[in-house]
Structures are given as C-alpha cells and as structure tokens.
There are 2 protein chains.
Amino acid sequence: MKAYIEANKERFLSELFDLLRIPSVSADSKFKGDVLRTAEFIKEKLVAAGADKVEVCETAGYPIVYGEKIIDPTLPTVLVYGHYDVQPADPYELWDSPPFEPVIKKTEIHPDGAIFARGSCDDKGQMYMHVKAFETMMATNSLSCNVKFMIEGEEEVGSANLGTFVKENKERLKSDVILISDTSIIANDVPSIDVGLRGLSYLEVEVVGPNRDLHSGVYGGAVANPINVLAQMIASLHDENGHITIPNFYDDVVVLSEQERNDLNAAPFDLEAYKKDLNINDVRGEAGYSTLERTGSRPTLDCNGIWGGYIGEGSKTVLPSKANAKISMRLVPNQQTDKITALFTKHFESIAPKSVKVKVTPHHGGEPYLMPPTSSAYLAASAAMEESFGKKPIPTRGGGSIPIVALFERELGVKSILMGFGLDSDALHSPNEHYGLFNYYKGIETIPLFFKHFAASK
Amino acid sequence: MKAYIEANKERFLSELFDLLRIPSVSADSKFKGDVLRTAEFIKEKLVAAGADKVEVCETAGYPIVYGEKIIDPTLPTVLVYGHYDVQPADPYELWDSPPFEPVIKKTEIHPDGAIFARGSCDDKGQMYMHVKAFETMMATNSLSCNVKFMIEGEEEVGSANLGTFVKENKERLKSDVILISDTSIIANDVPSIDVGLRGLSYLEVEVVGPNRDLHSGVYGGAVANPINVLAQMIASLHDENGHITIPNFYDDVVVLSEQERNDLNAAPFDLEAYKKDLNINDVRGEAGYSTLERTGSRPTLDCNGIWGGYIGEGSKTVLPSKANAKISMRLVPNQQTDKITALFTKHFESIAPKSVKVKVTPHHGGEPYLMPPTSSAYLAASAAMEESFGKKPIPTRGGGSIPIVALFERELGVKSILMGFGLDSDALHSPNEHYGLFNYYKGIETIPLFFKHFAASK
C-alpha cells in the first residue's frame with residue numbers, strides 16, 4: 001500500500017487542491033452553489049475510488065454524501081464520517097494567501113510544507129484522507145472491513161439535518177464503529193487520540209435600553225447604556241477565580257479522579273512554547289487547573305462576538321439603543337446542552353437590571369463525549385498509529401466539540417473513534433489555516449492500518 | 001420685524017431645506033465635496049442678507065465662514081457661532097424618511113409640524129435662524145449691535161482647527177459676547193437657557209489577547225478572551241452605586257450647594273413621560289442624584305461603541321484576537337479634559353490583566369463650562385425669551401458638550417450665551433432628527449430681541 005500511495009501522491013494532493021478551491025462556506029447563503037458543487041465533487045471521487053451506491057442524499061438543508069463497499073457481511077463495518085463544508089474565511093485581509101487558493105508553504109512546525117487554505121485541516125484535508133485511503137485499499141485489494149461513508153455539508157453550522165438523516169437511515173448506516181478524522185495529535189512526533197470531546201451551548205443575547213440611539217451628552221448618566229450593561233452582565237458570568245457563576249452550571253460535571261488528572265497532565269505540553277506561539281504574557285483560566293485540564297476536562301464560557309453603538313471611523317457620541325453578543329459554553333461529561341442553555345437563559349434574564357430588556361436566542365449545540373481507552377475501537381486506532389508513527393499514541397481530552405458524535409451513539413448505538421491527524425497550531429477557524437503534507441500522507445497511511453487492526457479484533 | 005418674518009417665512013423655510021439637502025457629514029471623508037459646498041452656501045446667504053467681508057476662510061481642515069456688519073464701533077459686538085457640518089446619519093435604515101431629504105411632519109410634541117432631516121436641529125436649523133434674524137434686522141433697519149459670524153465645519157469631529165483660527169484672528173473676532181444656538185429649551189411652553197455645559201473626554205481602547213483568532217474549543221478556558229476581559233474592564237469602571245471608579249476622577253468636581261441643587265431640580269421634569277418617551281421601565285445612574293442632576297451636574301462615563309470577534313450571520317466559535325470600544329466621559333466644572341484623559345488612560349492600562357495587552361487612543365475632548373445667570377449677556381437673553389415666549393426662561397445645566405466655548409473664553413476673553421431653541425426629543429445624533437417649525441420661527445423672532453436688550457445693557 002505504501003508503494004501505491006507513493007506512486008499516486010501528486011494526484012492525491014492535486015485532487016485535494018481542487019476540493020479546497022471550492023468555497024463551501026455553509027454559514028453564508030451566498031456560497032450555496034459552491035457547497036452543492038462540493039457534494040458532487042465528493043460523490044465523483046468516491047465513485048472513482050470504487051464505492052458502491054454512492055448518492056448525494058437530499059436533506060432540508062445541504063445534502064449528505066453516502067457511499068459504501070460491502071465486501072463480506074460477516075466482516076465488521078466501519079462508518080466514516082466527515083464534512084465537506086468549511087468555516088467562513090472572514091476576515092479576508094488577515095490571510096497571507098487567498099483562503100480558497102491552496103498553496104504549499106514551509107513553516108517551522110511543518111518543515112516539509114503545509115497546505116494553506118480554508119478547510120485544509122478542518123475538515124477537507126482530513127476527510128479526503130479517507131477517500132484516498134479507501135482508494136488505496138481497493139487498488140491493492142487490502143480492504144479488511146466493510147466501509148460506509150457519510151460526509152455531510154452542515155457541520156460548521158450545527159448539522160441541523162443530520163439527526164433526521166441518521167434516524168431515517170438506521171438500516172443503511174448500520175455499523176460497528178464510526179471513524180472520524182477532525183481532531184488533532186499533540187505533535188508530528190507525538191501521536192495522540194482524543195478520547196473526550198467537549199459539548200457546546202451557543203446563544204446570542206441582545207440588551208435593549210432606550211427605544212432609539214440617544215445623544216450621550218443629553219442622556220448619558222441618566223439612562224442605562226446597553227453596552228455598559230451588557231459588559232457588566234458578561235463580566236458577572238465569571239468570578240475572580242475564573243469560575244462560571246451561573247447557578248447549577250457545574251451540577252452535572254464529572255470531576256476527574258486524581259489518577260485521571262495525572263494521566264491528562266502527563267501528556268507532553270510546553271507552556272512557554274504555547275505562550276510564545278500565541279504571543280501572550282500569561283495564560284488565563286479557572287483557578288486550580290492546568291492548561292490541559294482547563295481545555296480538556298473543565299467547562300468554559302467565551303464571548304465569540306460583541307457589537308453595539310457606533311463602530312465606524314472616528315467618534316460619535318451616541319448612547320446606543322442596543323448591544324449584542326454571541327456567547328458559547330464548552331461542556332464536559334455529563335453536562336447536557338439543552339439543560340445548560342436553559343440555565344444560561346434563565347440566569348441571564350434574571351440578572352438584567354430593570355432599566356433594560358434582554359433577549360436570549362439559542363443557536364445549535366452539542367453534547368460532550370467520552371470514549372473509553374479500553375474499547376476495541378480505541379485499541380485498533382492505537383495499534384494503527386503505533387505502527388505508522390513508531391510510537392504509542394497518548395489518550396487526550398480535546399477542547400473542541402463534534403456535537404454529532406453523541407447523536408450517533410444515541411441513534412445508531414455506535415461509538416465513534418476520533419483518529420485525527422491535525423495540529424492545534426493549524427489555525428482552525430482562523431486566518432491562514434493549514435495542514436501539513438506530513439500529516440495528510442500519514443493519515444492516508446494509517447487509516448488502512450486501523451481497518452486491519454479493527455478487523456483482527458472482531 | 002414680525003411682519004417681515006411673516007412675509008418671508010416660506011422662503012426662510014425653503015432656504016433651510018436647501019441647506020439641509022447637502023449632506024455635510026464631517027466625520028466621513030467621502031462627503032468632503034458636500035461639506036465644502038455647504039460653506040459656500042452659507043457665504044452666499046450671508047452676503048445676500050447684507051453682511052460685509054464675507055469670507056470662506058481656509059483651515060487645515062474644513063473652512064470657517066466669516067462675515068460681519070459693523071454699524072457703529074461704539075456699540076457692543078455680538079459674535080455668532082454655529083456649525084454647518086452634521087453628524088453621520090448611520091444607520092440609514094432606521095430613518096422613516098431619507099436623512100437628507102427634509103420633510104415636514106406633524107408630531108404630538110410638534111403639532112404645527114417639524115422638519116425631519118439630519119442637521120435640522122443640530123445645527124443647521126438653529127444656525128440658520130441667526131442668518132435670517134440678521135437679514136430681518138437689516139431689512140427693517142433694526143440692527144442694534146455690531147454682529148460678526150463665525151460658522152465652522154468641524155464641530156461634530158472636534159473642531160480641531162478652530163483653535164488655530166481663533167488664535168490667528170483675535171483682532172477680527174473681537175466682541176463682547178458670543179451667541180450660540182445649539183442647545184435646547186425644556187419645552188415649547190417652558191423656555192430655558194443652558195448656563196452650564198458638560199465637558200468631554202473621548203477615547204478608543206483596544207484589548208489584544210492571542211496574536212490571532214483562535215478556535216474557542218481548542219483554546220477556550222486556557223487563554224484570556226479579549227471580549228470577556230474588555231467587558232470586565234468596562235464593568236469595573238462603575239461601582240454598584242453608579243459611581244465611576246477611576247482614581248481621582250472626582251477630585252476637581254464642584255459639588256452643587258443645597259440651593260443650587262434645589263434650583264436645578266425646580267425645573268419642570270416629568271419622569272414618567274421621560275421613561276415613556278424612551279420606552280424604558282427605569283432610569284439608571286449615580287445613586288443619590290435625580291435625573292436632572294445626573295445629566296446636568298455630575299460627570300459620567302459611557303461606551304459609545306464596542307466590537308470584537310464574529311458579528312456576522314449565524315455562529316462562529318472563535319476566540320478572537322482582539323476587542324475594541326469607544327468610551328467617552330462627560331465632565332463638569334472644574335474637571336479638565338486632558339487631566340481626565342490621562343487619569344483614564346493610566347487606570348485602564350493598570351487594570352489590564354497580564355494575559356492581554358491594552359492600547360488607549362485619545363480622541364477630541366472639551367472643557368466643561370459655566371455662565372453665571374447674573375451676567376448682562378444672560379439677562380439680555382432672559383429678557384428676550386421672556387418677551388417672545390411670554391414667560392421667564394429657567395436657567396438649566398445641559399448634559400451635552402460644546403467644547404469650543406471654553407476655548408473662546410480662554411483665547412478671546414469672551415463668554416458665550418447658549419440661547420438655543422431645540423428640544424431634547426428632537427433626536428439629535430439619532431435617526432429621524434427633527435426641528436419644530438414653531439422653534440425655528442421663534443428663534444428668528446427672539447434673536448433680534450437679544451440684540452436689543454444686550455445693546456440696552458451696555
């Protein structure tokens with residue numbers, strides 16, 4: 001298989017470039033045509049790789065691309081999940097090269113080069129590794145499990161229609177494990193597997209004061225200023241220890257045992273390099289927890305956006321009518337997203353002073369997730385990475401959310417293994433997102449090894 | 001004179017409409033041509049009214065229009081100040097009629113109709129009353145003082161070049177009083193004169209965390225979020241009593257005596273109507289002070305704008321690199337704007353946590369101002385209004401700032417009288433700004449009476 005990959009590596013890369021060129025931004029309706037084109041692209045490539053029953057399945061939103069190869073019904077079946085949509089690329093002016101014109105650049109972390117483009121890591125580069133790994137296994141007649149593909153187009157906007165698709169296709173999606181590459185390893189020489197994912201609760205809040213923008217001289221000091229009030233309300237959501245103050249917020253949080261904390265903190269982590277990479281003088285978070293614990297095992301609250309008043313050129317002495325913010329919380333087992341959303345809403349409405357009106361609008365969320373490192377799926381992924389990296393991977397708890405993982409377990413009764421090949425420094429959701437060539441090809445090499453080990457375990 | 005005004009009222013209005021149609025927005029460089037055109041318009045009208053030595057005087061920014069009529073050097077000289085530039089009209093979509101297409105609409109407060117347009121009250125309507133009052137006095141041979149006009153084009157952006165003009169033209173601007181109409185009366189049947197103006201300190205702040213936007217799952221909880229930090233810093237600027245927490249902020253504030261507080265609170269004020277007009281359930285401000293005191297005699301702090309992170313359509317789970325805000329403070333005697341700006345800057349930088357970097361950029365400011373209600377200028381304005389309204393005006397302390405008033409006193413040694421005819425409900429700096437026809441004509445009627453009484457007092 002290595003020989004096949006080597007012989008076809010140029011084409012594997014140029015096809016990924018073609019995929020990256022289509023700006024499949026699901027959050028912004030002006031890219032609708034591009035998102036749909038991307039689904040067709042994935043379908044073509046699956047067909048070319050040898051998949052059967054490949055279909056661009058319509059949903060109430062963007063379609064889900066399905067395909068399969070059943071070689072022997074008695075063999076275990078791996079269901080591959082990925083997404084072909086990408087985050088918006090705003091702000092464009094901060095990209096060094098255009099976000100939808102992939103280029104290879106060498107960096108300190110990626111001396112062999114990395115592919116710079118929106119979606120190169122999240123998730124097109126990682127998802128496409130599976131298509132090429134499948135092609136490789138087919139071409140070399142080494143497919144050891146049945147395989148099914150479920151590649152959706154709405155992950156970045158909450159996978160609103162995936163649940164319905166899964167519920168309506170339980171037979172078609174029957175499988176023994178779901179394989180997902182949308183997470184990261186600690187470093188290119190320190191492989192790791194995410195055994196935990198944080199959940200997500202996302203809301204938009206609006207604080208309304210006077211019924212119109214006011215002159216801040218005539219009214220300032222007499223009337224509640226929605227920006228100042230919003231700032232006070234947001235500030236009150238954390239105490240001086242970085243602890244979230246929403247009543248009952250931590251009730252369902254499973255606290256790590258001493259052993260689990262030690263295991264988590266044993267992963268290689270260089271705080272000075274971390275700070276240097278971000279150019280910050282200090283990290284900041286919940287008192288009493290290390291950086292790895294703060295991102296991996298503790299729930300958090302962040303403002304993702306805030307706006308109000310005059311934000312244009314120069315000065316304007318306005319006391320604005322309203323102020324808005326987008327706020328999200330990352331959750332850990334066993335917090336539940338709907339419950340947290342309700343707690344937040346109730347609390348935020350209750351702390352609003354009488355002089356303003358507050359509106360809270362929930363966006364998409366997702367449950368937290370945990371995969372025991374003793375399961376056969378985990379052990380197969382661990383063996384595969386040990387083989388391809390020459391080192392046993394470390395089980396880690398990721399900070400990010402992949403909300404549908406809990407959905408899959410609930411509807412299909414199947415656990416997911418998060419065998420990803422990205423790096424935290426790949427600038428996901430940021431300008432200049434990239435994905436290492438080393439990582440792309442390592443994934444294509446490792447995935448068939450997972451199939452091999454997983455088949456052997458059954 | 002009343003007959004002359006009556007005979008020419010249509011033309012007085014249509015000329016004002018022409019003036020209002022030119023979008024002289026000084027804050028936005030794309031309106032440069034319009035601002036310059038407006039200066040020429042004012043020049044033409046002053047010439048037509050009978051002024052001498054009318055000149056559009058160049059400055060490093062927008063020009064200042066000068067004109068004069070010296071009838072007798074032994075008579076007192078009134079220097080009329082106004083501005084021909086206007087605030088930006090953003091957000092345009094909140095205007096019921098286009099901001100630069102003046103229309104007359106009847107309202108509850110203005111049953112005879114009001115002129116709806118950006119600048120109708122602040123300051124074109126009020127400034128143009130002086131041009132028409134001058135024309136009226138000239139046409140009826142009743143000009144009782146010498147008069148000089150100084151109409152600038154940068155008041156809304158801080159009058160950066162006015163100081164230089166004043167310093168370089170001290171001889172030309174020699175006068176006994178400066179007359180300004182850019183403030184309001186309590187109601188159309190409750191005349192008042194602003195004896196105090198608040199000062200202004202305006203700054204822009206930037207909080208920078210990581211050197212790039214981050215994925216809020218991967219980094220949330222581990223790294224300081226500039227929006228959350230900015231919110232906390234802004235929130236900390238007030239205590240639970242609405243008192244500003246900047247050290248030494250109140251040091252120079254002249255506290256009103258019991259008598260002065262009673263006088264201020266004696267002005268007619270309907271709190272229920274005030275709340276109803278703004279559609280708020282409660283006012284909010286510094287504990288221990290009434291609404292009139294909060295706006296007239298106490299310094300305040302407001303956020304005029306705030307922005308950071310993703311503020312577009314939908315959701316984006318970003319932990320942004322930075323967050324910004326525009327913050328301004330209204331000052332009272334004897335606070336000084338540069339001193340307050342320095343105090344704010346020092347304090348804001350000192351409360352920034354180590355995990356972020358903070359930048360504070362000052363914008364234009366202005367000193368507070370007080371005119372004693374015993375001066376001859378005040379008494380002349382009081383007598384003029386008593387004659388035209390049939391009621392003695394109440395001395396009030398305004399919330400807004402006209403920074404150049406302190407500049408005039410300092411450079412020309414002349415005090416200003418703020419005889420304005422607008423209403424607080426005229427929506428200055430807001431969408432649907434308007435100015436009552438009653439008020440426009442009442443001003444044209446009253447201004448010559450000021451000249452008469454002021455001449456008589458000398």
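What counts and how
- Counting starts from 1 at the beginning of each chain's written sequence and moves along it residue by residue.
- Lettering of chains starts at A and numbering of ligands starts at 1, both following the order in which they are written.
- Local features in this predicted model are restricted to residues of pLDDT 70 or higher, and side-chain atom pairs are both shown and tallied only at a pLDDT of 80 or more, whereas totals for entire chains, interfaces and linings draw on every residue.
- In computing side-chain values, all of the structure's heavy atoms are included and hydrogens and water are not.
- As annotated, the domain borders come from an automatic or database domain assignment.
- Contacts: residue pairs with any heavy atoms within 4.5 Å of one another.
- Buried area, as used here, totals the accessible surface that two parts lose on assembly, with accessibility defined by a 1.4 Å probe and the loss added over both.
- Just to be clear on terms, a salt bridge is a Lys or Arg side-chain nitrogen sitting within 4 Å of an Asp or Glu carboxyl oxygen.
- Here a polar contact means two N or O atoms within 3.5 Å. Within protein one must be a hydrogen donor candidate and the other an acceptor candidate, and residues neighboring in sequence count only if both atoms are side-chain atoms.
- Only the stretch in contact is used when a helix axis is fitted, and all axes are lines through C-alpha atoms; the angle between N-to-C directions ranges over 0 to 180 degrees.
- In DSSP terms, a helix is any run of H or I states spanning at least four residues, a strand is any run of E spanning at least two, and both are numbered starting from the N terminus.
- Any angle from 65 to 115 degrees is called roughly perpendicular, while one under 35 is roughly parallel, one over 145 is roughly antiparallel, and all others are oblique.
- By the convention adopted, Pro, Cys, Tyr, Trp, Phe, Met, Ile, Leu, Val and Ala count as nonpolar, Lys, Arg, Asp and Glu as charged, and the other residues, Gly among them, as polar.
- When accessible area is computed with a 1.4 Å probe and restricted to protein chains, residues below 20% of their type maximum are described as buried, those above 50% as exposed, and intermediate ones as partly exposed.
- Counted as positive: Lys and Arg. Counted as negative: Asp and Glu. His and the chain ends are not counted at all.
- Copy-to-copy alignment: least squares on C-alpha atoms, limited to residues at pLDDT 70 or above in both.
- Note that the arc is computed from the directions linking the helix axis to the C-beta atoms.
- UniProt positions are given in the numbering used here, feature names are shortened, and annotations may be inferred rather than shown by experiment.
- For two strands to pair, DSSP has to find at least two bridges joining them.

Per an unreviewed UniProt entry, the recorded name for chain A is Acetylornithine deacetylase/Succinyl-diaminopimelate desuccinylase, and the organism is Flexibacter flexilis DSM 6793.

A few words on the domain arrangement of chain A. Residues and elements named next belong to chain A. Assigned domains within chain A: domain 1 (2-197 + 368-457) and domain 2 (200-253 + 299-366). Computed over C-alpha atoms only, the centres of domain 1 and domain 2 are separated by 35 Å. On the side of domain 2, nine residues touch domain 1, which itself brings 11 residues to the contact. Where domain 1 abuts domain 2, roughly 700 Å² becomes buried across the two surfaces, and 63% of that area is made up of carbon and sulfur atoms. By the criterion of area lost to domain 2, the three top residues of domain 1 are Pro368, Ser401 and Pro403, representing 62% of everything that side buries. Between the two partners, domain 1 and domain 2, sit zero salt bridges. Summed over the shared surface of domain 1 and domain 2, the result is zero residue pairs in polar contact (both at pLDDT 80 or more).

A packed helix pair is summarised by two numbers, namely the angle formed by the two axes and the spacing between the axes. All names here are of chain A. Relative to each other, helix 2 (residues 32-49) and helix 3 (residues 124-139) sit at 20 degrees, their axes nearing to 9 Å. With respect to each other, helix 2 and helix 3 are oriented roughly parallel. Together, Thr38, Phe41, Ile42, Lys45, Leu46 and Ala49 of helix 2 and Lys124, Met127, Tyr128, Val131, Phe134, Glu135 and Met138 of helix 3 make up the contact between the two elements. Broken down by class, the residue content of the contact of helix 2 with helix 3 amounts to nine nonpolar, one polar and three charged.

Looking at the secondary structure, you find Arg198 of chain B in the loop between strand 8 (192-197) and strand 9 (199-208). Buried charge Arg198 of chain B goes without a salt bridge, the closest partner of opposite sign being Asp302 of chain B at 6.3 Å. There is a polar contact of 2.9 Å between the side chain of Arg198 of chain B and the backbone oxygen of Gly217 of chain A. Here the side chain of Arg198 of chain B touches Thr295 of chain B through a polar contact of 3.0 Å, landing on its backbone oxygen.

Further remarks concern the interface of chain A and chain B. Contact with chain A, which involves 88 residues of that partner, is made by 88 residues of chain B. Together chain A and chain B conceal approximately 7,700 Å² of surface at their shared face, both sides included; 50% is due to carbon and sulfur atoms. Applying the counting rule to chain A against chain B returns two salt bridges. Among the ionic pairs, Arg212 of chain B bridges to Asp277 of chain A, the shortest N-O distance being 2.9 Å. For the interface between chain A and chain B, the tally reads 49 residue pairs in polar contact (both at pLDDT 80 or more).

Moving on to the relation of the copies chain A and chain B. Least-squares fitting of chain A to chain B yields an RMSD of 0.1 Å, with the superposition described by an axial translation of 0.0 Å and a rotation of 180 degrees. Those values place the two copies in the arrangement expected of a two-fold rotation axis. Comparing contact sets, 100% of the residues at the interface of chain A also lie at the interface in chain B, consistent with an isologous, same-surface contact.

It is worth spelling out the side chain of Glu433 of chain A at this point. Residue and element names in this part refer to chain A. Mapped onto the elements, Glu433 comes out in the loop between strand 17 (416-418) and strand 18 (434-436). For Glu433, a relative accessible area of 1% translates into the label buried. From its side chain, Glu433 meets the backbone nitrogen of Ser120 in a polar contact 3.5 Å long. Glu433 has contacts with Trp95, Ile115, Phe116, Ala117, Arg118, Gly119, Ser120, Cys121, Asp122, Asp426, Ala427 and Leu428, leaving out every residue within four places of it along the chain.

Here we come to helix 8 (residues 271-278) of chain B. Those residues of helix 8 of chain B that fall on the buried side of the exposure criterion are Tyr274, Lys275 and Leu278 of chain B. Down the axis of helix 8 of chain B, the buried set is contained in an arc of 95 degrees. They therefore lie on one face. What points out from helix 8 of chain B, more than 90 degrees from its buried face, is the exposed set Glu272 and Lys276 of chain B. Residues of helix 8 of chain B that are buried make contact with strand 10 (214-215) and helix 5 (216-219) of chain A together with helix 9 (291-296) of chain B. Two or three places before Glu272 of chain B, at the opening of helix 8 of chain B, Asp270 of chain B has a side-chain oxygen 3.1 Å from that residue's backbone nitrogen. Trailing helix 8 of chain B by a residue or two, Asn279 of chain B shows a phi angle of about 55 degrees, which is positive.

The next subject is the UniProt feature "domain: Peptidase M20 dimerisation" (unreviewed entry) in chain A. According to UniProt, the feature "domain: Peptidase M20 dimerisation" (unreviewed entry) maps to residues 196-354 of chain A in the numbering used here. The annotated region residues 196-354 of chain A carries 32% helix and 23% strand content, and the separation between its end C-alpha atoms amounts to 41 Å.

Residues and elements named next belong to chain B. The three strands are arranged 4-5-18 in an open sheet whose pairing can be described as antiparallel. Two strands in the sheet have a free side with no partner beyond their single neighbour: strand 4 (103-105) and strand 18 (434-436). When the angles between neighbouring strand axes are averaged without regard to direction, this sheet yields 30 degrees. Alignment of strand 4 against strand 5 (residues 114-116), held across three bridges, turns out to be antiparallel. Pairing of Val103 across the sheet is with Phe116, part of strand 5. Packing of helix 1 (residues 2-21) onto the sheet brings it into contact with strand 4 and strand 5, and relative to strand 5 it is tilted by some 20 degrees.

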